[in-house]
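# Remarks on the overall topology
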Amino acid sequence: MWNMQPGTYKLELVPSNMATTTEGLEAVLEDSYLKTSTPVNMSSNTTVSFSVDQNAASSAANRFRLAQVSP
């Protein structure tokens with residue numbers, strides 16, 4: 001992400017064997033730039049739109065993090 005140009009992008013998370021092997025598992029995609037969390041579907045694709053602007057934090061390599069949600 002460090003080399004992305006300003007613009008609008010989509011991040012697609014594609015789970016593989018998550019629904020059947022990890023029953024009850026929940027996760028969120030955390031955006032450290034916007035300070036938001038988006039639920040991630042563990043049985044089908046999740047698409048998240050995001051923008052990169054002139055702020056270096058918007059294209060930081062560690063902007064996004066996938067985190068497990070504790071029940």
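Preceding block: the structure.
Only a predicted model underlies this, so the values are computations on that prediction, with no experimental measurement involved. (Residues numbered from 1 in each chain as written. Predicted model: local features only at pLDDT ≥ 70, side-chain atom pairs only at ≥ 80, totals over all residues. Heavy atoms only, no water.)

What follows covers the sheet that holds strand β2 (residues 27–31). Strand order in the open sheet made by the three strands is β3-β2-β5, with antiparallel pairing throughout. The sheet terminates laterally at β3 (36–40) and β5 (64–68), the two strands that pair on one side only. When strand polarity is set aside, the average angle formed by the axes of neighbouring strands in this sheet is 30 degrees. (Pairing = 2+ DSSP bridges. Helix = DSSP H or I, 4+ residues; strand = E, 2+ residues; numbered from the N terminus. Axes fitted to C-alpha atoms, helices over the stretch in contact; angles between N-to-C directions.)

What follows concerns the pairing of strand β4 (residues 46–52). Regular strands place side chains that alternate from one sheet face to the opposite one. Residues of β4 alternate between two faces, with Thr46, Val48, Phe50 and Val52 buried on one and Thr47, Ser49 and Ser51 left unburied on the opposite face. Taken together, the seven bridges between strand β1 (residues 7–13) and β4 define a ladder with antiparallel strand orientation. By the bridge assignment, leucine 11 is partnered in β4 with valine 48. (Buried < 20%, exposed > 50% of the residue type's maximum accessible area, 1.4 Å probe, protein only.)

This part covers the nonpolar core. Core analysis: the biggest nonpolar cluster contains nine residues, these being Leu13, Ala27, Leu29, Val40, Met42, Val48, Phe50, Val52 and Phe64. Contributing elements (two or more residues each) for this core: β2 and β4. Considering each element in turn, this core owes the most residues, three residues, to β4. Setting aside anything within four residues of it in sequence, one finds valine 52 in contact with Met4, Gln5, Pro6, Gly7, Tyr9, Ser58 and Ser59. (Core = buried A, V, L, I, M, F, W, Y, C linked by side-chain atoms within 4.5 Å. Contact = heavy atoms within 4.5 Å.)

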